[in-house]
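Single-letter residue listing:
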Amino acid sequence: MSMRGGIIVLLLLSFFTFFCKESTAQKITWSEHIAPVIHSNCTPCHRQGEGAPFSLVTYEDVAKRASFIKKVTQTRYMPPWMPDPHYVSFTNERKLTDEQIAMIADWADHKMPKGKSTGNDENNYVAGTRYNRKPDLVLSMKTAFHVEGDNTERFVVYKIPFELPDSTNVEAIEFITNNRKVVHHANFEVDAVPELDIYHTADYMEDAQSHVEYYEQYVPYRTNMIYFGGWVPGSSYESYPANMGWIMPKRGVVLLTVHYAPLAKPEDVINGVQFFFTKTPVKRHIQSISFGSGGVGEKQIDPYFYIPPGVVKSFKVKVATPTDQSLLYVWPHMHYLGKIFKAYAVTPSGDTIRLVSIPDWNFNWQEIYWFPKLMKIPAGTVVTIEGTYDNTADNPMNQSSPPATVYGAMRSKDEMLTLVVVSLPYEDGDEEINVGLKK
Ligand code: HEC
């Protein structure tokens, strides 16, 4: 290369370095780059009424915490996402790309320019839901429930009666509460009750010790259960692909079982379930089935489900599926001692279908995981769920110090091994149907 050529190259190089530096410094702005990332990955939890300790909605919310946000995104502490993406990757995966993380860091390092509003920076979420629109029906408790500050765990079953003009197709469903921090987990069932009196039974039943007998008044309501769902910390709504869903009956009750963690100070709370309806006819009916504790296959672990102190122990449940099924979602559940959760299915021809793997279980971050496409499970397939529990003093999540024997039951100090599967009978071509996120 000639001297002159070298100088030109040098000049060009420095021009480019200068240009690039300037352009990144100017380019990364709140409006154009940061807001869309924050609003889709952080705001669902970081806003009023959700579980996170502060809102990340406006420019000010985010800019004043920029260096903190840079740190928690670089360490990948936020957004929380527990399943191993190399085992199965789910549609609702919350993970920032390396580029997004670098962009946030760059923005924080360059004094958080706001930029000109592009329309991208508006938080277009709807207040009071994580779904994309307002609910059509909100069924919540009539009056607030007072949770005593007596350090006692509680299961309370609330009855929420409803009568609608007609039965209606459900496209999405979501548990709601005005005080997320006190709810340990919640289950709800929608029961059709065309004939019986749904108004003069108790509004709720509470029993701190046992879980079964206080259902008695409500037992007659439960003969026609239409749908079963739930909420655990971290989880959000459930929605279904076009033509799929279930039908909300005209008349019935929602039986909402809420498990409250022990509180040192009293709190009031109102819980409920909200429904998103659709005019599109429901051609294919969705069902949810529980495997393991409290569900199918429970007997395999039930009398033996205990974990002595100082011990790491694993349990397994295997259930054969009698008919061809298509899976939409899986929803693993364990409590504090849980360390590893894995579910897979082995077909009659010996193929393994991966369902979900959570190598480092964290009680605080549980979700309903959405398969990208409907997942076929042929008849005769054996679904296996495996859970490993650490009842040693080395487990920082251990609720007892020193560790004590833990049994299988529903209180948070007990343990569970459950996989809820949301599915429907298989039809040809299901493998091509997106479960998809409706944004
Ligand atoms: C699934 C819900 C959820 C999502 C999504 C989420 N957060 Fe959080 N975040 C929480 C909760 C709950 C806490 C408080 C508990 C904790 O710190 O673990 C928290 C804590 C934080 C903290 C404080 C951490 C500390 O050490 O005190 C920061 C900062 C944060 N989040 C930023 C973000 C950012 C940025 C995103 C998006 C990239 C995000 N979060 C996404 C739920 C969420």
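Preceding this paragraph is the structure being described.
As a starting point, this report considers the structure included with it. (Residues numbered from 1 in each chain as written. Predicted model: local features only at pLDDT ≥ 70, side-chain atom pairs only at ≥ 80, totals over all residues.)

**A closer look at the packing of helix H4 (residues 66-74) against helix H5 (residues 98-109)**
So, point 1. At a minimum axis distance of 9 Å, the contact between H4 and H5 shows a crossing angle of 155 degrees. Viewed along their axes, H4 and H5 adopt a mutual orientation that is roughly antiparallel. Where H4 crosses over H5, the handedness of that crossing is left-handed. Facing H4, whose interface residues are Ala66, Ser67, Ile69, Lys70, Thr73 and Gln74, H5 presents Ile101, Ile104, Ala105, Trp107 and Ala108.
So, point 2. The residue inventory of the contact of H4 with H5, partitioned by class, reads seven nonpolar, three polar and one charged. (Axes fitted to C-alpha atoms, helices over the stretch in contact; angles between N-to-C directions. Helix = DSSP H or I, 4+ residues; strand = E, 2+ residues; numbered from the N terminus. Parallel < 35°, antiparallel > 145°, perpendicular 65-115°, else oblique. Left-handed = near helix turned anticlockwise from the far one by under 90°. Contact = placed C-beta atoms within 7 Å. Nonpolar A, V, L, I, M, F, W, Y, C, P; charged D, E, K, R; others polar.)

**Re the site of the ligand**
So, point 1. Surrounding the ligand, one finds 19 residues, the nearest of these being Cys42, Cys45, Ala52, Met78 and Pro79.
So, point 2. A class-by-class count of the residues in the shell around the ligand yields 12 nonpolar, five polar and two charged. (Near = placed C-beta within 6 Å.)

**Some thoughts on the environment of Ile307**
So, point 1. By the element assignment, Ile307 lies in strand E15 (residues 306-307).
So, point 2. Here Ile307 falls in the buried class, since 23 other C-beta atoms lie within 10 Å of it.
So, point 3. With 84 residues separating them in the primary sequence, Ile307 and Asn391 have C-alpha atoms 6.8 Å apart.
So, point 4. Ignoring anything within four residues of it in the chain, the contact list for Ile307 reads Lys313, Leu337, Tyr389, Asn391, Thr405, Val406 and Glu415. (Buried ≥ 20, exposed ≤ 12 C-beta atoms within 10 Å, placed from the backbone.)

**Examining the environment of Asp109**
So, point 1. Inspection of the secondary structure assignment puts Asp109 in helix H5.
So, point 2. The class for Asp109 is partly exposed, based on 13 C-beta atoms found within 10 Å.
So, point 3. Along the backbone, Asp109 and Ser67 are 42 residues apart, and their C-alpha atoms lie at a distance of 7.9 Å.

**A look at the sheet that holds strand E17 (residues 325-333)**
So, point 1. Taken in spatial order, the four strands of this open sheet run E14-E23-E17-E20, and their pairing is antiparallel. With partners counted over all chains shown, the strands left at the sheet margins are strand E14 (287-292) and strand E20 (369-377), one partner each. This sheet shows a mean twist of 30 degrees between the axes of neighbouring strands, independent of strand direction.
So, point 2. With six bridges joining them, E14 and strand E23 (residues 418-425) adopt antiparallel strand pairing. Bridge pairing links Ser288 to Val422 in E23. (Pairing = 2+ DSSP bridges.)

**As for the sheet that holds strand E16 (residues 312-320)**
So, point 1. If you walk across this open sheet you meet the four strands as E16-E21-E18-E19, and the pairing is antiparallel. Each having just a single partner strand, E16 and strand E19 (352-358) make up the two edges of the open sheet. Direction aside, neighbouring strands of the sheet carry axes that sit 10 degrees apart on average.

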